[in-house]
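Analysis of the macromolecular model
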Amino acid sequence: QVQLVESGGGLVQPGGSLRLSCAASGSIFSINNMGWYRQAPGKQREMVAVMTSGGGTNYADSVKGRFTISRDNAKITVYLQMNSLKPEDTAVYSCNAVITSTSRVQMSSWGKGTLVTVSS
C-alpha cells in the first residue's frame, strides 16, 4: 500500500503565493516521477509540473515562470511553490507519483487532492 497526502491548499488573493506539499508513505522501494496535476470545475485534469528522479522538470506553459516544483527524496515529498497566482489557477491540485513498491510492482499513485482558490 502506498499513500500520497497533499497539504497547503487554501484561499489566496490574486498575485499571492501558496506552497503545496505531498508526502508519500507505505511500501515504497523507489519513486520515479513525482508531479502535480490540477482539475478546474468543468475542465479536464491537466499536468501542472513534473519532476523526474534525476531532477528534470516539465511545466505547463500556463505556469512557467510562476510555479516551481521541487522534491526531497529523503522525505519522499514533492513541493509546488506557486507565485503570482491568478484566478484561472483555481482548481483541485493532486499529487501523482510513479512508484515501485517493495514487491517490485510499478504503479501510478494519486493523492486525494487539495483545493486552491484564487479570488479577491
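Everything below is about the structure printed above this text.
Rules and cut-offs
Residues numbered from 1 in each chain as written. Predicted model: local features only at pLDDT ≥ 70, side-chain atom pairs only at ≥ 80, totals over all residues. Heavy atoms only, no water. Buried < 20%, exposed > 50% of the residue type's maximum accessible area, 1.4 Å probe, protein only. Helix = DSSP H or I, 4+ residues; strand = E, 2+ residues; numbered from the N terminus. Pairing = 2+ DSSP bridges. Axes fitted to C-alpha atoms, helices over the stretch in contact; angles between N-to-C directions. Contact = heavy atoms within 4.5 Å. Polar contact = N/O pair within 3.5 Å; in protein donor to acceptor, adjacent residues only side chain to side chain. Disulfide = S-S within 2.5 Å.

Here we take up unusual backbone geometry. Of note in the backbone geometry, I76 takes a positive phi value of approximately 50° without being a glycine. Residue classification places I76 among the partly exposed residues on the basis of a relative accessible area of 25%. Phi angles above zero are rare outside glycine, and R104 is one such case at about 65°. Here R104 lies in the loop between β9 (91-101) and β10 (106-110).

Attention shifts here to the sheet that holds strand β7 (residues 67-72). Read from one edge of the open sheet, four strands run β1-β3-β8-β7, paired in antiparallel fashion. One side of each edge strand has no neighbouring strand; the edge strands of this open sheet are β1 (2-7) and β7. In this sheet, neighbouring strand axes are inclined to one another by 15° on average, regardless of whether the strands run parallel or antiparallel. Where β7 meets strand β8 (residues 77-82), six bridges bridge the pair, whose relative direction is antiparallel. Along β8, the bridge assignment pairs S70 with Y79.

This part covers the environment of D89. Note on placement: D89 falls in the loop between β8 and β9. Judged by its relative accessible area of 1%, D89 is buried. In this structure, the C-alpha to C-alpha distance between D89 and A74, residues 15 residues apart in sequence, is 29 Å. Those residues in contact with D89 that lie beyond four places of it in its chain are R38, R66, F67, S84, V116 and V118. Of note is the side chain of D89, whose polar atom sits 3.0 Å from the side chain of R38.

In this section: the pairing of strand β11 (residues 114-118). On β11, burial follows the alternation: T114, V116 and V118 on one face are buried, whereas L115 and T117 on the facing-out side are not. Here β9 pairs with β11 via three bridges, running antiparallel. Opposite V92, over in β11, you have L115 as the bridge partner.

With respect to the secondary-structure elements, R66 resides in the loop between β6 (57-59) and β7. Within the structure, R66 has its side chain in polar contact with the backbone oxygen of S84 (distance 2.9 Å).

A separate point is the state of the cysteines. As enumerated under the stated definition, the model contains one disulfide in all. Disulfide partner of C22: C95, at an S-S distance of 2.1 Å. Judged by the torsion about the S-S bond (-80°), the C22/C95 disulfide is left-handed. Separated by 73 residues along the polypeptide, C22 in strand β3 (residues 18-26) and C95 in strand β9 bring together distant segments of the chain. Of the two residues examined, C22 and C95, each falls in the buried class.

Here the focus is the side chain of N96. Within the secondary structure layout, N96 lies in strand β9. Taking the relative accessible area as the measure of exposure, N96 reaches 6% and is therefore buried. Polar contacts involving the side chain of N96 include one to the side chain of S108, which spans 2.8 Å. With residues up to four places along the chain from it excluded, the contact list for N96 reads L4, N33, M34, G35, Y37, S108, S109 and W110.

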